[in-house]
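# Structural features, examined
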Amino acid sequence: MVLRRLILFAWLALGLFPVGLVAQGALPQTLVTVQFLPGWQTDSGARMSGLHLKLAPGWKTYWRSPGDAGIPPDFSWRGSENLRAVKIHWPAPSVYSSYGLRTVGYDGEVILPISVVPRNASQPVRLRAQIQLGVCEQVCVPVSLELDEQLHGKGKSDLNIHQALATLPVPAERAGVGKVVCRFSPNRDGVELSASISMPELGQDEVVLIETSDPRIWVADPQSRRDGKTLHAQTQLVAPAGKPLSLDRKGLRFTVIGRHQAVDINGCSVG
């Protein structure tokens, strides 16, 4: 099962699956566009800005962790000036099923709030970005986008960015999350992870997403079940070929998605 999913991921990442569907109709002229929202300078001297992505009807792009067969987004800020750091804030995503695999992302349009931290808050920032996205309908197409923006002055508050920030997953402490316990057991392909999360129910359609601090580690599609006030999730972790599997419990990240809310949980204790 692991090998089959990895091979399918490779085909999807190259936009080659299923090949026959590419010839049946021309692709939309524009699959995705990006608009930069300059935003405002915060009290810390950082700037809260945004990337507004608009997708062609029926197409979607992926969350920071795209699921079984998605293409992970990649952002490069090389060539920027007076830039110390950039942090992307990811709104709660949707979960899709395609060819029996689960993917995670957005359709229609989405605003990604970004915190831009300058080296010198009194000077302008030249923000250059090279963005690589997978954009998928029945086929997946890699798309490259570029930005070159000047940020100066205090800017002004932007309702669109505020609304996007309001859709971020809620931190665990605000969502009533209690103890989070992880259990690990080795298997033929890597390590099996079982997690027990004490938290209020988010509805009948709860989905659990699991990430590690090492993006090279492959995480299988988690399976979950509810036992009263405890949410149980199970997945398999596989290291890159020929590499040892080293796990940091504090680097494990659980995102629980319900119909009306999502919750962000970081780290777990050993059971």
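Here, every reference points to the structure presented above.
Residues numbered from 1 in each chain as written. Predicted model: local features only at pLDDT ≥ 70, side-chain atom pairs only at ≥ 80, totals over all residues. Heavy atoms only, no water.

## Details of the overall build of the protein
Quick reminder of the rule: Numbering of helices and strands runs from the N terminus; a helix is a DSSP stretch of H or I covering at least four residues, while a strand is a stretch of E covering at least two. With a 1.4 Å probe rolled over the protein chains alone, any residue whose accessible area is under 20% of its type maximum counts as buried; one over 50% counts as exposed, and the rest are partly exposed. Only the protein chains shown count as covering a residue, and every accessible area follows the Shrake-Rupley method with a 1.4 Å probe.
Secondary structure assignment for the protein yields three helices and 20 strands. For the protein, the residues scored as buried account for 48% of the 271 residues in total. Of the roughly 14,400 Å² of accessible surface on the protein, 51% is carried by carbon and sulfur atoms.

## Some points on the sheet that holds strand β19 (residues 262-266)
Strand pairing in a sheet is mediated by backbone hydrogen bonds. Such pairs are either parallel or antiparallel. Where we set the bar: Strand pairing is assigned whenever DSSP detects at least two bridges linking the two strands.
Strand order in the open sheet made by the four strands is β11-β19-β18-β14, with mixed pairing throughout. Strand pairing shows two members of the sheet lacking a second neighbour, β11 (170-171) and β14 (207-211), which therefore form its edges. Inspection of the sheet shows strand β18 (residues 253-257) paired to β19 by five bridges, in the antiparallel sense. Within β19, the residue paired with Phe-254 across the bridge is Ile-265.

## Focus: the layout of surface pockets
Stated precisely, the cut-off is as follows: Cavities and pockets are found on a 1 Å grid laid over the protein atoms alone: a cavity is a set of points where a 1.4 Å probe fits but cannot escape, a pocket is an open set with protein on both sides within 12 Å along at least five of seven lines, and a lining residue has an atom within 4 Å of such a point. Grid points are joined across faces, edges and corners, and a volume is the space filled by probe spheres set on the points. When residue character is reported, Ala, Val, Leu, Ile, Met, Phe, Trp, Tyr, Cys and Pro are called nonpolar, Asp, Glu, Lys and Arg charged, and the others, Gly included, polar.
The space that makes up the largest pocket amounts to roughly 840 Å³. What lines the largest pocket is a set of 34 residues, among which Arg-64, Ser-65, Pro-66, Pro-215 and Ile-217 lie closest to the centre. Of all the secondary structure elements, the ones that give two or more residues to the lining of the largest pocket are α1 (2-13), β3 (60-67), β7 (101-107), β14 and β15 (218-219). Counting residues per element, the lining of the largest pocket draws most heavily on β3, which supplies five residues. Residue composition of the lining of the largest pocket, grouped by class: 18 nonpolar, seven polar and nine charged.

## With respect to the nonpolar core
The line we're drawing: Grouping buried Ala, Val, Leu, Ile, Met, Phe, Trp, Tyr and Cys residues that are joined through side-chain atoms within 4.5 Å yields what is termed a nonpolar core.
Counting 36 residues, the largest nonpolar core has Leu-51, Phe-75, Trp-77, Leu-112, Ile-114, Ile-131 and Val-135 as the members making the most contacts within it. For this core, the elements supplying multiple residues, two or more each, are β1 (32-41), β2 (47-55), β5 (83-88), β7, β8 (109-118), β9 (125-136), β10 (140-151) and β14. In this structure, Val-180, Met-199, Ile-217 and Val-219 belong to the second largest nonpolar core, which totals 24 residues.

## A look at empty space enclosed by the protein
Counted by the stated rule, this structure contains two cavities of 30 Å³ or more. Volume-wise, the second largest cavity comes out at about 40 Å³. Leu-53, Thr-61, Tyr-62, Pro-73, Phe-75, Trp-90, Tyr-106, Val-110, Leu-112 and Leu-133 are the residues that line the second largest cavity. Elements supplying a minimum of two residues to the lining of the second largest cavity: β3 and β8. Among the residues forming the lining of the second largest cavity, the class breakdown is nine nonpolar, one polar and no charged.

## Some details on the packing of aromatic side chains
Counted only if it meets this: Think of it this way: a Phe, Tyr or Trp ring, Trp meaning its six-membered ring, pairs with another when their centres are within 6.5 Å, and the plane angle makes it stacked under 30 degrees, edge-to-face over 60, tilted otherwise.
Enumeration according to the criterion identifies two aromatic pairs in this entry. Residues Phe-75 and Trp-77 carry aromatic rings whose centres are separated by 6.1 Å and whose planes lie at 10° to one another, so their mutual orientation is stacked. In this pair, the class of Phe-75 matches that of Trp-77, namely buried. Measuring from centroid to centroid gives 6.2 Å for Phe-75 and Trp-90, while their planes differ by 70°, and the two rings are edge-to-face. Placement of the pair is Phe-75 in strand β4 (residues 74-76) and Trp-90 in the loop between β5 and β6 (94-98), with a sequence separation of 15 residues. Trp-90 carries the same exposure label as Phe-75, and that label is buried. Taken together, the aromatic side chains of Phe-75, Trp-77 and Trp-90 make up a single cluster linked through ring pairs.

## Quick notes on the environment of Asp-189
Here Asp-189 shows up in the loop between β12 (180-186) and β13 (191-198). Of the residues examined, Asp-189 reaches a relative accessible area of 35% and is grouped as partly exposed. Here the alpha-carbon distance between Asp-189 and Leu-237, two residues 48 residues apart in the chain, equals 8.0 Å.

## Structural notes on the state of the cysteines
Operational definition: By convention in this document, the label disulfide applies to cysteine sulfur atom pairs within 2.5 Å.
Evaluated as defined, the whole model comprises two disulfides. The disulfide bridge from Cys-136 ends at Cys-140, spanning 2.0 Å between sulfur atoms. On the sign convention where negative is left-handed, the bridge of Cys-136 and Cys-140, at about 115° about the S-S bond, is right-handed. Just as Cys-136 is buried, Cys-140 falls in that class too.

## Concerning the pattern of salt bridges
Put simply, the rule reads: Just to be clear on terms, a salt bridge is a Lys or Arg side-chain nitrogen sitting within 4 Å of an Asp or Glu carboxyl oxygen.
Throughout the structure, instances matching the rule amount to nine salt bridges. The residue Asp-148 makes a salt bridge to Arg-126 at a minimum N-O spacing of 2.8 Å. Of the two residues, Asp-148 sits in strand β10 while Arg-126 sits in strand β9, which places them 22 residues apart along the sequence. A residue is classified by how much of its surface remains accessible, and Asp-148, at 41% relative accessible area, is partly exposed. Using a relative accessible area of 22% as the deciding quantity, one classes Arg-126 as partly exposed. Linking Asp-214 and Arg-216 is a salt bridge whose minimum nitrogen-to-oxygen distance equals 3.0 Å.

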